[in-house]
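Spelled out from the first residue to the last, the chains are:
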Amino acid sequence: MIRYCTDKKVDFEKLIELFKQVGWDDKTRDIKRLKAMVDNSQIVVTAWKDEEMIGFARCVTDFVFNGQINNVVVDTRYRGKGIGKELIKKILDSSKQVTYILRGDLENEGFYRKLGFEEAQLSFVYKRKE
């Protein structure tokens, strides 16, 4: 049985492994920064199979108008079992008045559309040059 936690319980070694599975190596190089990313997110949802963290998602939100969902990831061994859907649902259910945007990879577009996300007409990104 899969258990979901919303109390920022995170296995950072496993989070690094999950991020590397999907090519987000840039977020794994500095553990202090990774921990700050989690600490500064208002909503963090993790999925656990027994004592192993197998999924992660986070959201930055004001809980009133806006929320941005980021870093939805599920261990490759557990994909296709509804875990990613449940991670996102837990975030969406945290407030019925918030409009959420989601940063995701294009190859997962169909998955996000099934959850009710629509393509936005306007978005800008300012990328830091580290």
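What about the sheet that holds strand β3 (residues 52-61)?
At step 1: Reading across from one edge, β1-β2-β3-β4-β5 is the order of the five strands in this open sheet, with mixed pairing throughout. The open sheet terminates on both sides in strands that have one partner only, identified here as β1 (2-5) and β5 (99-102). Pairs of neighbouring strands in the sheet enclose a mean axial angle of 20°, with direction left out of account.

Structural notes on the side chain of Arg 58
At step 1: Take Arg 58: it is sitting in strand β3.
At step 2: Of the side chains with opposite charge, Asp 26 comes closest to the buried, unpaired Arg 58, at an N-O distance of 9.7 Å.
At step 3: Contact partners of Arg 58, with chain neighbours within four places excluded, come to Met 37, Ser 41, Ile 43, Val 44, Gln 68, Ile 69, Asn 70, Asn 71 and Ile 91.

Comments concerning the side chain of Ser 95
At step 1: Residue position: Ser 95 is located in the loop between α3 (83-92) and β5.
At step 2: Among the residues examined, Ser 95 registers a relative accessible area of 10% and is labelled buried.
At step 3: Of note is the side chain of Ser 95, whose polar atom sits 3.3 Å from the backbone nitrogen of Gln 97.
At step 4: Discounting residues that sit within four places of it in the chain, Ser 95 has contacts with Phe 63 and Tyr 100.

Focus on the confidence of the model for the chain
At step 1: Per-residue confidence for the chain gives a mean pLDDT of 93; residues scoring 70 or more make up 99%.
At step 2: Looking over the chain, one finds the lowest element-wise mean pLDDT in helix α4 (residues 109-114), namely 89, and the highest in strand β2 (residues 43-49), namely 98.

Brief notes about unusual backbone geometry
At step 1: The backbone of Lys 8 shows a phi angle near 60°, a positive value even though the residue is not glycine.
At step 2: The exposure class of Lys 8 is partly exposed, given its relative accessible area of 33%.
At step 3: Even without being glycine, Asp 50 reaches a positive phi, approximately 55°.
At step 4: Mapped onto the fold, Asp 50 is located in the loop between β2 and β3.

About the cut-offs
Residues numbered from 1 in each chain as written. Predicted model: local features only at pLDDT ≥ 70, side-chain atom pairs only at ≥ 80, totals over all residues. Heavy atoms only, no water. Pairing = 2+ DSSP bridges. Helix = DSSP H or I, 4+ residues; strand = E, 2+ residues; numbered from the N terminus. Axes fitted to C-alpha atoms, helices over the stretch in contact; angles between N-to-C directions. Buried < 20%, exposed > 50% of the residue type's maximum accessible area, 1.4 Å probe, protein only. Lys, Arg positive; Asp, Glu negative; His and termini not counted. Salt bridge = Lys/Arg side-chain N within 4 Å of Asp/Glu carboxyl O. Contact = heavy atoms within 4.5 Å. Polar contact = N/O pair within 3.5 Å; in protein donor to acceptor, adjacent residues only side chain to side chain. pLDDT = per-residue confidence, 0-100.

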